[in-house]
Amino acid sequence: MIDLKLLQKDFDNISVQLKRKGVDEEILADLKAKNETLKEAKTAYEAAQAAQNEMSKLFGVYKREGKDITELKEKVDANKIRVTELLDVQREAEETLVKRAMAVPNLPDADVPDGEDEESNVEIKKILTPREFDFKPKEHWELSEQNGWIDFERGVKLAKSRFSVIGGVGAKLERALINFMLDFNEKRGFKEVSVPQIVNRSALEGTGQLPKFEEDLYKIEDDELYLIPTSEVPLTNLYQDEIIPSDELPIKMTAHTACFRKEAGSAGRDVRGIIRQHQFHKVELVAITKPDESDKIFDDMVACASDLLEALGLPHRLVTLCTGDLGFGAAKTVDLEVWLPGQGQYREISSVSNTRDFQARRAKIRFKDGKQNTLVHTLNGSSLAVGRTMVAIMENYQNEDGSITIPDILERYM
């Protein structure tokens, strides 16, 4: 959540930054109105409280001077009731503002490029040169059918469209990739953690999926529990409402989980293959840091995901997302896009984001900074989406006869 104190102090500047993120005038006007209501409620409460304090001081004066305190007592008692009422008004105004602010995105970093959509994203660099084929490369769904790796029809039979069954060598490759990624990340200082794949509403509010993106989540009927869209949610919320000792930071974690998304806004996109599934495996990186360390750890996380792709021999590029393509909770994001020769284009395989203190404020994650408690910074990134990594290996390591060569580095995991 954005800093409400900063919002009250400098609304005009904050609104300019939110407009960069695509927040429309109607929402900003509503936010401003609720902010002004809270300001007025605070002013009224503070004035009544100050008057109460001043009248309370008069009791001693009246007693020393022998004055009758009956009228003064009536005024104090009446004002006491007013103070209580005004405090309730202030609390209600604050709750209303917080509820509105919970659906407002994070502020973008100053160096994030402006733009409306992915067309304005900025390429940082390319890593590895794509292979030149002396035959027309196939797309992964053709290769999976030929090799018997992925069964799309049985996935639909068991659930519905955008579910699939992976078998044989494909299943072994999936498991090999998960283990390889976890081992790789652990060597980079990310502690492996196994977390629940079902979380409560509070956890999803903490990382920003709720309330705004409820339609994209799978909810368990008759319960306030949800299937996770990413292990970023349980990993970050391990420290919800905690004060972390300063010497324990940074906390760097990695986890493998299944992830579940309705993909509500993606109708008609990537309907073939496993690029966009309702259930998929992902290995995640999450870091909880002091504010002055978050930029360095952000770069380390990007490098970790990129080096993992390079170790697999997969050509890819790094892209800075523009304001219009930036996620709800992100202040800054670098996407890693892997080359898919069957499609003849780079496709996203990882996003690494710094949310600054946006999630920490929602989830109340702080650290002891001297005598005061300070909000941490939280970061997250895919390392990597397992299904998309399989797709990249299938398409980049395919042979003319349709067979697929397994990268050398994965052999011991197979």
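Residues numbered from 1 in each chain as written. Predicted model: local features only at pLDDT ≥ 70, side-chain atom pairs only at ≥ 80, totals over all residues. Heavy atoms only, no water.

**Details of the overall build of the chain**
Phase 1: A count of helical and extended segments in the chain gives twelve helices and 15 strands.
Phase 2: Overall size of the chain, expressed as C-alpha extent along the three principal axes, is 105 × 45 × 40 Å.
Phase 3: For the chain, contacts bridging at least 24 residues in sequence account for 75% of all contacts bridging at least 6.
Phase 4: By element, 47% of the accessible surface of the chain is carried by carbon and sulfur atoms, the whole surface being about 20,600 Å².
Phase 5: Counting 58 positive and 74 negative side-chain charges, the chain places the centres of these two groups 4 Å from one another. (Helix = DSSP H or I, 4+ residues; strand = E, 2+ residues; numbered from the N terminus. Contact = heavy atoms within 4.5 Å. Areas by Shrake-Rupley, 256 points an atom, 1.4 Å probe, with all protein chains shown as cover. Lys, Arg positive; Asp, Glu negative; His and termini not counted. Charge placed at Lys NZ, Arg CZ, Asp CG, Glu CD.)

**Description of the sheet that holds strand E10 (residues 316–320)**
Phase 1: The mixed open sheet is built from eight strands, whose spatial order is E1-E10-E11-E12-E15-E9-E8-E4. Edge positions in the sheet fall to strand E1 (122–127) and strand E4 (191–192), since each of these pairs with one other strand and no more.
Phase 2: One ladder, built from two bridges, connects E4 with strand E8 (residues 251–260); its direction is parallel. Residue lysine 191 lies in a different strand from E8, and its bridge partner there is methionine 253.
Phase 3: Contacting E1, strand E9 (279–289), E10, strand E11 (332–340), strand E12 (345–354) and strand E15 (377–385), helix H10 (residues 294–311) crosses the sheet at an angle of about 5° to E15.
Phase 4: Packed onto the sheet, helix H12 (residues 386–396) meets E9, E11, E12 and E15 and runs at close to 40° relative to E15. (Pairing = 2+ DSSP bridges. Axes fitted to C-alpha atoms, helices over the stretch in contact; angles between N-to-C directions.)

**Some remarks on the nonpolar core**
Proteins that are soluble and globular tend to have nonpolar side chains buried together.
Phase 1: Trp149, Leu173, Leu177, Met301 and Leu410 are the most contacted members of the largest nonpolar core, which has 47 residues in total.
Phase 2: Going through the elements one at a time, helix H7 (169–187), E9, H10, E11, E12, E15 and H12 are the ones with two or more residues in this core.
Phase 3: Core analysis: the next-biggest nonpolar cluster, separate from the first, contains 20 residues, Val23, Ala41, Ala101 and Val104 among them. (Core = buried A, V, L, I, M, F, W, Y, C linked by side-chain atoms within 4.5 Å. Buried < 20%, exposed > 50% of the residue type's maximum accessible area, 1.4 Å probe, protein only.)

**Points about the state of the cysteines**
Phase 1: One pass over the full model with this rule turns up zero disulfides.
Phase 2: Unpaired in terms of disulfides, cysteine 259 finds its nearest cysteine sulfur in cysteine 304, a separation of 17 Å. (Disulfide = S-S within 2.5 Å.)

**A word on the pairing of E8**
Phase 1: Extensive coverage of E8 is indicated by the burial of eight of its ten residues.
Phase 2: Pairing of E8 with E9, which is carried by ten bridges, proceeds in the antiparallel orientation. Considered in E9, the bridge of cysteine 259 is made with phenylalanine 280.

**So, the side chain of asparagine 396**
Phase 1: In this fold, asparagine 396 is placed in helix H12.
Phase 2: Of note is the side chain of asparagine 396, whose polar atom sits 2.8 Å from the backbone oxygen of tryptophan 339. (Polar contact = N/O pair within 3.5 Å; in protein donor to acceptor, adjacent residues only side chain to side chain.)

**Observations regarding unusual backbone geometry**
Phase 1: The omega torsion of the bond from leucine 210 to proline 211 falls at 10°, within 30 degrees of zero and hence cis.
Phase 2: Omega for the peptide link from leucine 249 to proline 250 comes to 0°, which places this bond in the cis form.
Phase 3: Relative to the helices and strands, proline 250 resides in the loop between strand E7 (242–244) and E8.
Phase 4: Within the chain, arginine 356 stands out as a residue other than glycine whose phi angle is a positive 55°.
Phase 5: Secondary-structure assignment places arginine 356 in the loop between E12 and helix H11 (358–363).

**A look at the pattern of salt bridges**
Phase 1: Across all of its chains, the model carries 26 salt bridges by this definition.
Phase 2: Of the charged contacts in the structure, one is a salt bridge between glutamate 54 and lysine 57, with a shortest N-O distance of 3.6 Å. A residue pair is termed a helical-turn pair when its members lie 3 or 4 positions apart in one helix, as glutamate 54 and lysine 57 do in helix H3 (residues 25–65) at three residues.
Phase 3: On the basis of relative accessible area, lysine 57 is assigned to the exposed category, the value being 55%.
Phase 4: Here glutamate 123 ties to lysine 126 by a salt bridge, and the two come within 3.1 Å at their closest N and O atoms.
Phase 5: One salt-bridge network, in which partners are shared between bridges, spans Arg201, Glu205, Glu214, Lys219 and Glu224. (Salt bridge = Lys/Arg side-chain N within 4 Å of Asp/Glu carboxyl O.)

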